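What the coordinates show
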Amino acid sequence: MSFEVVASSRIETVKYTPWRHVRTVGLQAGLLCVLLAAVGILGLFNRRPIIVGELTLGYAVLGLVFLCAGILVAKRRLFPTVGGLILGGAVAGLIGAAVLSLLTAVLSLYSLRWIFVALDPPLLKMLTFTYSTPVGIGLMLLTGLCLGGLGATLIVLPERIRAPILGGLIGAGIAGLFQEMIRPILANSPVTRPLHNLIYTWTGLTQNGAIILFVVVALCVAGWQAVRGDVKSRYAQLPAPTRTRLRWGYIAAAALLFLLFPAFAGNFIGQVLLTVALFTLMGMGLNLEVGLAGLLDLGFVAFYAVGAYVTGLLTADSPFALAHLSWWEAMPIAVFASVVVGVLFGIPVLKVRGDYLAVATLGLGEIVRVIVLSDAAAPLLAGAKGILQIPRPQIGDFHFYTPVSMFYLALAASVVAAYCAWRLEDSRLGRAWKAIRDDEDVAQALGINLIQVKLLAYGLGAAFAGLAGSLFAAMLGSIYPHSFQLIISINILALIIVGGMGSLPGVVVGAAVLIGLPEVLREFGEYRFLFYGLAIILVMRIKPEGLWPSAAKRRELKIDAETRAEQTAQHGPSTAVQKV
């Protein structure tokens, strides 16, 4: 107890020292800039334009760091006056720039490439703004000072001024940062091509385009702020049935836009959404096993492989084909085969629980891949050569050749699967799964047949994966054993955790974030998985229960919060923290 008191008093001393806080934030900003330079991120980003001929991604990142330093200083409100807050933010940005300038000075005198390869002459040229070293250092210090002060100023401005400015900056920044994805979408349609030509050239976002976007977005935000209160009050005065109809109207409009968007955006977006839909299908299957039944399964990719290989063997135009069925005839057989393998897969691990179950299923999943690769199975499954020439599905004369058309097929399959999963969740079987998830012994004592419900969980979960595998085989037109690695099982498990364990909407959100985000982050080149990992860590820190937790999980969180509040009211903050 005495240690906690001493530690608490020391924290309070540091917290309320304004200039110490400014110094700490400035040093952290500077060290972050040095780190980005040393590992090569700044050098790589400097080759990527945000505004053609005016601003690169490297300079934008540096400016953002200095800007955030000023914001962090001002948000703590440690200075009593507005002038003090702005001065503190400016000094924090100046300190950050000074730390980076120290690296610039060292690079101009010595070569550090024997330590870090990325500390090369092009980086020095960037850090000095292509001027001589003294002039470049002076410009860097001035930049840090101004942007730090600007960041603090944004915090002290009234909301009606700050929101339009931030909105405009964010809008122009997104248009420049994700231009490689936005440009093809706008140029794909004759309706939006004039807008593309107005703000972009073939090399990227123009200066006039950035200004136009900033002004338009800022005006939209300002306009919304002006009418927001009136709109909300009028909406609140509407009768409840009218509000419900309006809400459903918005949902229907959003769904219609979502359906039309891939056809409008083109094949790249269609391919990304198709991959998200496939992982959503598999996520709903694994959610039955892990989220509802509590059966941790790391060999889930085996069912996916079974669905793909059965489809390939029954439809391909190759020597390994067992039949030449259409995809619509082969798909139910592939799903059934996955169910059978799922049940057989579950029998050896019926008595295994917890972490041991994860290891056991991991081994079983790898066995399937090893069997496919083995020489013994090569005459039937083609070994490492894979199965080629798998035809695309077709309805009449319409062939699902493009990623967009395949996405609509995968979306239809996902909707059907989601309905089945939703009905299963609230069924008697779903309640039995939840019971064995919470406590197997108690569930068995209540009369639940553990063997039956566990095998049903494995079998039904495998059906979803088999359907996804069948779509995957048709999408690629060829399948290989190396397409079914352990990492797929881990990704599916991760999207369930990120989305919210046991939550169907959470599976969709998790798939969109974990599978769609890496594609969106292609702008960051080889560092996209670094930012992807950081984004996942942030999500888990901010929303550990998942981005869209289930209703049961939300109730548990609400009860925990109420319990903590009662403990705090009765015994004070320290007791509540200790008990939690």
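Since this is a predicted model, take the numbers as computed values, not measurements.

**Here's the deal with the overall build of the protein chain**
Of the regular secondary structure elements, the protein chain holds 26 helices and six strands. With respect to the principal axes defined by its C-alpha atoms, the protein chain has extents near 75 × 65 × 65 Å. Scored against the burial criterion, the 580 residues of the protein chain give a buried share of 44%. Long-range pairs, those at least 24 residues apart, make up 71% of the contacts in the protein chain with a sequence separation of at least 6. Here the protein chain holds 42 positive side-chain charges and 29 negative ones, and the gap between their average locations is 9 Å.

**Notes on the nonpolar core**
By size, the foremost hydrophobic cluster in this structure holds 132 residues, and its most contacted members are Y304, W433, L471, I479 and F484. Top contributing element to this core by residue count: helix 21 (residues 450-476), with 15 residues. Setting aside anything within four residues of it in sequence, one finds F484 in contact with V301, Y304, A305, A308, Y309, R369, F472 and I479. One finds V310, L314, A330 and A334 within the second-largest nonpolar core, a separate group that totals six residues.

**Concerning the packing of aromatic side chains**
Evaluation of the coordinates by the stated rule reveals 14 aromatic pairs. Arranged with centres 4.9 Å apart and planes meeting at 75°, the rings of W19 and F79 form a pair that is edge-to-face. Of this pair, W19 sits in helix 2 (residues 18-38) while F79 sits in the loop between helix 4 (57-75) and helix 5 (82-109), placing them 60 residues apart in sequence. Residue classification places W19 among the partly exposed residues on the basis of a relative accessible area of 44%. Put simply, the rings of F300, F303, F345 and Y458 touch in pairs and so form one group of aromatic residues.

**Points about helix 2**
With 21 residues, helix 2 should cover 30 Å at 1.5 Å per step; its first-to-last C-alpha distance of 30 Å lies within 8% of that length. Residues of helix 2 that are buried: H21, V22, V25, G26, A29, G30, C33, L36, A37 and A38. Contacts made by the buried residues of helix 2 are with helix 3 (41-45), helix 4, helix 5 and helix 6 (121-127). Residue G40 follows helix 2 closely and has a positive phi angle near 100°.

**A word on the environment of A334**
Looking at the element boundaries, A334 is found in helix 15 (residues 327-346). For the pair A334 and L313, spaced 21 residues apart in the sequence, the C-alpha separation amounts to 9.8 Å. Apart from the residues lying within four places of it in its own chain, the contact partners of A334 are G307, V310, T311 and S470.

**A word on a nonpolar patch on the surface**
Together, L102, V106, L109 and Y110 make up a nonpolar patch on the protein surface, roughly 440 Å² of accessible area in all. With respect to the helices and strands, L102 occurs in helix 5.

**Concerning the confidence of the model for the protein chain**
Detailed reading of the predicted coordinates is not advisable wherever pLDDT falls low. Counting all residues, the mean pLDDT for the protein chain is 85, and 94% of those residues have values of 70 or more. Across residues 1-12, confidence stays below pLDDT 50; counting only partners more than four residues off in sequence or on other chains, it has two contacts. Here residues 575-580 is modelled with pLDDT under 50, and outside its nearest four sequence neighbours on either side it reaches eight contacts, counting other chains as well.

**Overview of the packing of helix 5 against helix 7 (residues 133-156)**
The angle between the axes and the distance between the axes are what describe a pair of packed helices. Two elements in contact, helix 5 and helix 7, have axes whose closest approach is 7 Å; the angle formed by their N-to-C orientations is 150°. With respect to each other, helix 5 and helix 7 are oriented roughly antiparallel. The way helix 5 lies across helix 7 gives a crossing that is right-handed. Tallied by class, the residues present in the contact of helix 5 with helix 7 amount to 15 nonpolar, 10 polar and no charged.

**Some points on the pattern of salt bridges**
By the definition in use, this model includes five salt bridges. With a shortest N-O distance of 3.1 Å, K454 and E440 are connected by a salt bridge. Residue K454 is located in helix 21, and its partner E440 is located in helix 20 (residues 440-445); the two are separated by 14 residues in the primary sequence. Accessibility assignment for this pair places K454 and E440 in one class, buried.

**Considerations on the side chain of N287**
Position of N287 relative to the elements: it lies in helix 13 (residues 267-292). For N287, the residues in contact, after removing those within four places along its chain, are L292, I496, M501, G502, S503, L504 and V507.

**A short note on the state of the cysteines**
The final tally for this structure, using the stated rule, is zero disulfides. Not engaged in a disulfide, the cysteine C33 finds its nearest cysteine sulfur in C68; these two sulfurs lie 10 Å apart. What makes C33 buried here is its relative accessible area of 0%.

Thresholds applied
Residues numbered from 1 in each chain as written. Predicted model: local features only at pLDDT ≥ 70, side-chain atom pairs only at ≥ 80, totals over all residues. Heavy atoms only, no water. Helix = DSSP H or I, 4+ residues; strand = E, 2+ residues; numbered from the N terminus. Buried < 20%, exposed > 50% of the residue type's maximum accessible area, 1.4 Å probe, protein only. Contact = heavy atoms within 4.5 Å. Lys, Arg positive; Asp, Glu negative; His and termini not counted. Charge placed at Lys NZ, Arg CZ, Asp CG, Glu CD. Core = buried A, V, L, I, M, F, W, Y, C linked by side-chain atoms within 4.5 Å. Phe/Tyr/Trp six-rings, centres within 6.5 Å; stacked < 30°, edge-to-face > 60°. Expected span 1.5 Å × (residues − 1). Patch = residues over 30% accessible without salt bridge, like charges linked within 9 Å, V, L, I, M, F, W, Y side chains within 5 Å. Areas by Shrake-Rupley, 256 points an atom, 1.4 Å probe, with all protein chains shown as cover. Salt bridge = Lys/Arg side-chain N within 4 Å of Asp/Glu carboxyl O. pLDDT = per-residue confidence, 0-100. Axes fitted to C-alpha atoms, helices over the stretch in contact; angles between N-to-C directions. Parallel < 35°, antiparallel > 145°, perpendicular 65-115°, else oblique. Left-handed = near helix turned anticlockwise from the far one by under 90°. Nonpolar A, V, L, I, M, F, W, Y, C, P; charged D, E, K, R; others polar. Disulfide = S-S within 2.5 Å.

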